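# Understanding the architecture of this molecule
These are the residues of each chain, in order.
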Amino acid sequence: MNETRSDAAEGDVDTVRTAETLFDVVQRLTENDGATLAELAEELDYAKSTVHRHLQTLEQLGYVVQRDDGYHVGLRFLEVGVTARSSFRGYDLVRQKVEEIAEATGERAQFFVEEHGKAVYLARAAGDQAVRTDPGLGSRIPLYAASAGKAILAELPEPELFDMLERMSFEPVTDHTITDPDDLRAEIEAGRERGYFFNREESLRGTHAVGVAICGPDGEVIGGLSVTGPSHRLTGERFESELPDLLLGAANELELNIAHS
């Protein structure tokens, strides 16, 4: 008997749901740094048998490992992550520049890219005075809560920027996070005039950051470069003049190197 259109559509829905469940399991294991079968089933509100089937599949493929304390994501994901990072144009140049900035400032330096409306840590380095506060490579934060994220937004074509702002939920990360679209618009315009952007405890209490955009040879934004440090050190002339000048110079060098790589 031939499959009807409704049967095919229902099969497609089941396939999507299965994939969503699979990635729900992976996400929970990542966020919780591992979990038992019972913990996963309770958190996800799935039957233990359902979660167990997905864990078995992931384990057979090498993406999950079982230890004495439960299940953990496997090192197969490291291979995927390294491949994803290496596919970014100019990654080695970016990493080198981030390390140079961290050494020169003594603070934490990082490079973000935009993906699905979030700022994603692609590279980072810590200077000799750096605070260990960042969530790690691959972690995501709202673009509007990061200085480099604002710099990325400012370089988007107006229609794309409008669409992205319309989709943003503007949930606060701290008490200082910008959560009003009009306020963010004003911040973006001010930063465009200066050429750099500030983060005053908007992503983490007690820290300030300054960021700039990195653009490709055709003018398209490819990421954002920033320096983060304690608010008592990133203040006054250092915060408002010295670090922005350093970042603008670094951005110019990086853009030239990427363009000719």
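Residues numbered from 1 in each chain as written. Predicted model: local features only at pLDDT ≥ 70, side-chain atom pairs only at ≥ 80, totals over all residues. Heavy atoms only, no water.

## Examining the nonpolar core
Grouped together as the largest cluster of nonpolar side chains are 29 residues, with contacts concentrated most on Phe88, Val94, Val98, Phe111, Val210, Ile214 and Leu225. Contributing elements (two or more residues each) for this core: α5 (91-105), β3 (108-115), β4 (118-126), β7 (207-215), β8 (221-230) and α9 (236-259). Counting residues per element, this core draws most heavily on α9, which supplies seven residues. In this structure Phe88 touches Val94, Phe111, Val113, Leu122 and Ile222, once residues within four positions along its chain are discounted. Counting residues in each nonpolar core, the second largest holds 24 residues, with Ala145, Leu156, Leu161 and Ala213 among its members. (Core = buried A, V, L, I, M, F, W, Y, C linked by side-chain atoms within 4.5 Å. Buried < 20%, exposed > 50% of the residue type's maximum accessible area, 1.4 Å probe, protein only. Helix = DSSP H or I, 4+ residues; strand = E, 2+ residues; numbered from the N terminus. Contact = heavy atoms within 4.5 Å.)

## Focus on helix α8 (residues 181-194)
Taking 1.5 Å of rise per residue, 14 residues should cover 20 Å, and α8 covers 20 Å from first to last C-alpha, within 8% of that figure. Taken as a whole, α8 has its buried residues at Leu184, Glu187, Ile188 and Gly191. In an axial view of α8, the angular spread of the buried residues amounts to 100°, which keeps them on one side of the axis. Exposed residues pointing more than 90 degrees away from the buried face of α8 are listed as Asp182 and Glu193. (Expected span 1.5 Å × (residues − 1). Arc of directions from axis to C-beta.)

## Side note on the pattern of salt bridges
Taken as a whole and assessed by the stated rule, the structure comprises 14 salt bridges. Measuring nitrogen to oxygen at the nearest pair gives 3.0 Å for the salt bridge that ties Arg238 to Glu107. Taken together, the residues Arg238 in helix α9 and Glu107 in the loop between α5 and β3 connect sequence positions 131 residues apart. What makes Arg238 partly exposed here is its relative accessible area of 22%. (Salt bridge = Lys/Arg side-chain N within 4 Å of Asp/Glu carboxyl O.)

## Remarks on the packing of aromatic side chains
Inspection of the entire model under this criterion finds five aromatic pairs. Aromatic pair Phe112 and Tyr121: ring centres 4.5 Å apart, planes at 55°, arrangement tilted. Connected via pairs of aromatic rings, a cluster forms that spans Tyr196, Phe198 and Phe239. (Phe/Tyr/Trp six-rings, centres within 6.5 Å; stacked < 30°, edge-to-face > 60°.)

## Quick look at the layout of surface pockets
The calculated volume of the largest pocket comes to roughly 1,100 Å³. Surrounding the largest pocket, 27 residues form its lining, Phe77, Gly81, Leu137, Gly138 and Arg140 being those nearest its centre. When contributions to the lining of the largest pocket are tallied by element, the ones reaching two or more residues are α1 (5-32), α4 (76-86), β3 and β4. Residue contributions to the lining of the largest pocket peak at seven residues, all from α4. (1 Å grid on protein atoms, 1.4 Å probe; cavity = no way out; pocket = protein on both sides within 12 Å on 5 of 7 lines; lining within 4 Å. Points joined across faces, edges and corners; volume = space filled by probe spheres on them.)

## With respect to the pairing of β3
Summarising burial for β3: six of the eight residues are buried, a large majority. In this sheet, β4 lies alongside β3 in antiparallel orientation, the contact comprising eight bridges. The partner of Arg108 across the bridge, within β4, is Ala126. What sits between the antiparallel neighbours β3 and β4 is a turn of two residues, in which His116 has the positive phi angle 55°. Here five bridges tie β3 to β8, and the two strands are oriented antiparallel to one another. Among the inter-strand pairings, Phe111 is bridged to a residue of β8, identified as Leu225. (Pairing = 2+ DSSP bridges.)

## Some details on the confidence of the model for the protein
Chain-level statistics for the protein give a pLDDT mean of 88 and a share of 93% at 70 or above. Low pLDDT, under 50, characterises residues 5-11; the predicted model gives this stretch one contact beyond four residues in sequence or across chains. (pLDDT = per-residue confidence, 0-100.)

## Considering the environment of Phe112
Checked against the element boundaries, Phe112 lands in strand β3. A relative accessible area of 2% places Phe112 in the buried class. Look past the residues within four positions of Phe112 in its chain and what remains in contact with it is Ala119, Val120, Tyr121, Ile141, Ala148, Ile152, Gly223, Gly224 and Ser226.

## As for a nonpolar patch on the surface
Residues Leu75, Leu78 and Val82 make up a contiguous nonpolar surface patch of about 310 Å² in total accessible area. Here Val82 shows up in helix α4. (Patch = residues over 30% accessible without salt bridge, like charges linked within 9 Å, V, L, I, M, F, W, Y side chains within 5 Å. Areas by Shrake-Rupley, 256 points an atom, 1.4 Å probe, with all protein chains shown as cover.)

## As for the sheet that holds β4
Taken in spatial order, the six strands of this open sheet run β5-β4-β3-β8-β7-β6, and their pairing is antiparallel. Two strands close off the open sheet at either side, each with one partner strand: β5 (140-142) and β6 (197-200). Going across the sheet, the axis of each strand differs from the next one's by a mean of 35°, ignoring polarity. Where β6 lies against β7, four bridges are found, and the strand directions are antiparallel. If you follow Arg200 over to β7, its bridge partner there is His208. Packing of α5 onto the sheet brings it into contact with β3, β4 and β8, and relative to β4 it is tilted by some 60°. (Axes fitted to C-alpha atoms, helices over the stretch in contact; angles between N-to-C directions.)

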